[in-house]
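One letter stands for each residue in the lines below.
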Amino acid sequence: MTDTSAAAPAPPHHGISAYSLILLALLTLFWGVNWPIMKLALNEIPVFTFRAFCLGGGALGLFAIAIWKRMPLGIPRGYLWKLTAISLFNIAGWNVFVLYGLSMLPAGRTTILAFTMPLWLVPMSVVWLHERLTGWKLAGLAIGLSGLIVLVGGEWHAMASAPLGVALVLAAAVCWAIGTLLTKLWLVPMAAVPFVGWQMVLGGIPIFLMAPVLEADRWTAYSGIAWGAVIYNASICFVFCYWAWNTLVRILPAGISGLSTLMIPVVGVFSSMWMLGEQPQWPEFAALALVAAALGLILKPAR
């Protein structure tokens with residue numbers, strides 16, 4: 001894993017590089033299929049316990065890579081509180097809210113609510129980062145969100161029956177947007193690998209503490225499927241995907257990095273159908289076409 005992210009602001013962008021596209025494609029695939037995987041894990045493992053396993057394994061993996069690559073591990077002087085704030089939104093807020101919401105809602109449709117994140121991030125990036133809201137970006141946002149609305153329509157009654165779950169997942173999306181904004185705004189001068197590792201440690205502290213307090217009575221022998229979900233999350237999602245996402249946030253404008261996640265819920269819906277035995281209908285295919293069109297507008301190749 002090569003760390004090419006910089007601590008300084010990225011130069012002005014007129015498109016997205018091939019390197020970023022490769023990272024985005026892998027991120028979309030790995031994060032998309034993880035939604036039904038998490039749903040299977042939560043059938044057995046309590047929320048805080050599951051995330052404690054994932055965060056602990058992810059942090060160990062990232063620090064091992066950093067040591068192997070001889071990257072500095074220390075947090076720069078004066079940045080501890082900023083890194084802590086980023087971690088609380090990106091790790092604690094996102095993971096706790098989204099997993100409790102996922103336990104109340106269908107797996108595929110939870111991804112739709114979670115990835116309303118660009119809806120919150122784009123206006124934030126305009127106000128606080130002074131990013132330009134171009135016509136292409138507005139069109140991509142409108143078309144992409146219309147695709148998500150098509151998906152929501154098929155499960156509206158299921159979502160309406162669990163309003164707390166909907167509120168929790170939307171709160172997770174807002175936390176992710178704020179964490180992404182702060183990552184871009186404060187630019188902590190660290191390589192992405194130890195930067196993400198420290199996020200998992202600092203943001204995971206409340207999760208590590210609450211798991212034994214709230215869930216020790218539900219600790220038991222888990223199945224191979226549940227442990228497989230833990231291993232997939234700790235290694236693929238929490239090592240590679242979090243590194244890839246933070247790399248994209250650093251090298252792309254915040255609005256584009258946020259909008260580029262619109263394909264992930266589509267992958268989540270289709271993979272949920274495959275893993276959980278559901279059958280795709282016309283809304284899924286219509287949403288796929290709309291989101292693909294949106295990405296075509298947003299991710300214009302760099303010259």
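Residues numbered from 1 in each chain as written. Predicted model: local features only at pLDDT ≥ 70, side-chain atom pairs only at ≥ 80, totals over all residues. Heavy atoms only, no water.

Bringing the overall build of the protein into the picture now. Broken down by element type, the protein carries 13 helices and zero strands. Helices and strands in the protein line up, N terminus first, as α-α-α-α-α-α-α-α-α-α-α-α-α. Relative to its full complement of 303 residues, the protein shows a buried share of 55%. For the protein, the share of sequence-separated contacts (at least 6 apart) that also reach a separation of at least 24 residues comes to 91%. In the form shown here, the protein has an accessible surface area of approximately 12800 Å², with 73% of it arising from carbon and sulfur atoms. (Helix = DSSP H or I, 4+ residues; strand = E, 2+ residues; numbered from the N terminus. Buried < 20%, exposed > 50% of the residue type's maximum accessible area, 1.4 Å probe, protein only. Contact = heavy atoms within 4.5 Å. Areas by Shrake-Rupley, 256 points an atom, 1.4 Å probe, with all protein chains shown as cover.)

With 24 residues, helix α9 (residues 192-215) extends 32 Å between its outermost C-alpha atoms, agreeing within 8% with the 34 Å of an ideal straight helix rising 1.5 Å per residue. Glycine 204 marks the point of greatest bend in α9, at about 50°, and the proline proline 206 comes within the next four residues. (Expected span 1.5 Å × (residues − 1). Bend = angle between axes of the 7 residues up to and from the residue.)

This part takes up the nonpolar core. Formed by 81 residues in total, the largest nonpolar core has its most connected members in Trp31, Trp35, Phe50 and Met200. For this core, the element with the most residues is helix α10 (residues 224-251), which contributes 16 residues. Those residues in contact with tryptophan 31 that sit more than four places away from it in its chain are Trp176, Cys237, Cys241, Tyr242, Trp245 and Ile264. (Core = buried A, V, L, I, M, F, W, Y, C linked by side-chain atoms within 4.5 Å.)

Another point: the packing of aromatic side chains. Applying the stated criterion to the full structure yields 14 aromatic pairs. Members of the aromatic cluster, each reached through a chain of ring pairs, are Trp31, Trp35, Trp94, Trp176, Phe238, Tyr242 and Trp245. Note that lysine 69 overlies the ring of tryptophan 68, its terminal NZ or CZ placed 4.7 Å from the centroid. (Phe/Tyr/Trp six-rings, centres within 6.5 Å; stacked < 30°, edge-to-face > 60°. Lys NZ or Arg CZ within 6 Å of the ring centre and 35° of its normal.)

Turning next to the confidence of the model for the protein. Low-pLDDT portions of the prediction should not be read for the details of their coordinates. Looking at the protein, the pLDDT average stands at 84 and 86% of residues meet or exceed 70. Per-element confidence in the protein ranges from a low mean pLDDT of 66 for helix α7 (residues 156-160) to a high of 96 for helix α2 (residues 47-68). In this model, residues 4-14 is a region of pLDDT below 50 whose contacts with residues beyond four sequence positions or in other chains number 19 contacts. (pLDDT = per-residue confidence, 0-100.)

As a further point, take empty space enclosed by the protein. Summed over the entire model, instances satisfying the criterion amount to one cavity of 30 Å³ or more. Quantified by volume, the largest cavity comes out at close to 210 Å³. Along its surface, the largest cavity is lined by 17 residues, and Trp31, Arg51, Trp94, Asn95 and Tyr242 are the ones closest to its centre. Listing elements by their share of the lining of the largest cavity, those giving two or more residues are α1 (18-42), α3 (80-102) and α10. Broken down by element, the residue count for the lining of the largest cavity peaks at six residues, all from α10. In the lining of the largest cavity, the residues fall into eleven nonpolar, five polar and one charged. (1 Å grid on protein atoms, 1.4 Å probe; cavity = no way out; pocket = protein on both sides within 12 Å on 5 of 7 lines; lining within 4 Å. Points joined across faces, edges and corners; volume = space filled by probe spheres on them. Nonpolar A, V, L, I, M, F, W, Y, C, P; charged D, E, K, R; others polar.)

Locating glutamate 131 in the fold gives a position in the loop between α5 (117-128) and α6 (135-154). If we ignore the near neighbours within four places in the chain, the residues touching glutamate 131 are Ser125, Val126, Lys137, Pro253, Ala254 and Gly255.

The next point concerns the packing of α1 against α10. One way to put it is that α1 packs onto α10 with a least axis distance of 9 Å and a crossing angle of 150°. Classified by the angle between their axes, α1 and α10 sit roughly antiparallel to one another. Judged by the twist between their axes, the crossing of α1 over α10 is left-handed. Of the residues that constitute the contact of α1 with α10, the class distribution is 25 nonpolar, four polar and no charged. (Axes fitted to C-alpha atoms, helices over the stretch in contact; angles between N-to-C directions. Parallel < 35°, antiparallel > 145°, perpendicular 65-115°, else oblique. Left-handed = near helix turned anticlockwise from the far one by under 90°.)

Across the interface, α2 lies against α3 with an axial gap of 10 Å and an inter-helix angle of 135°. It follows that α2 is oblique to α3 by the angle criterion. Between α2 and α3 the crossing geometry is right-handed. Together, Val47, Phe48, Phe50, Arg51 and Leu55 of α2 and Ile91, Asn95, Val96, Leu99 and Tyr100 of α3 make up the contact between the two elements. Of the residues belonging to the contact of α2 with α3, the class tally is eight nonpolar, one polar and one charged.

Mapping asparagine 90 onto the fold places it in helix α3. The class for asparagine 90 is buried, based on a relative accessible area of 5%. For asparagine 90, the side chain forms a polar contact with the side chain of glutamine 199, separated by 3.2 Å. Leaving out residues up to four positions away in the same chain, asparagine 90 has contacts with Asn95, Trp176, Gly179, Thr180, Thr183, Gln199 and Tyr242. (Polar contact = N/O pair within 3.5 Å; in protein donor to acceptor, adjacent residues only side chain to side chain.)

Right, let's talk about the environment of leucine 40 for a bit. On the secondary structure map, leucine 40 appears in helix α1. For the pair formed by leucine 40 and alanine 107, sequence separation is 67 residues and the distance between their alpha carbons is 9.3 Å. Those residues in contact with leucine 40 that sit more than four places away from it in its chain are Ile225 and Leu276.

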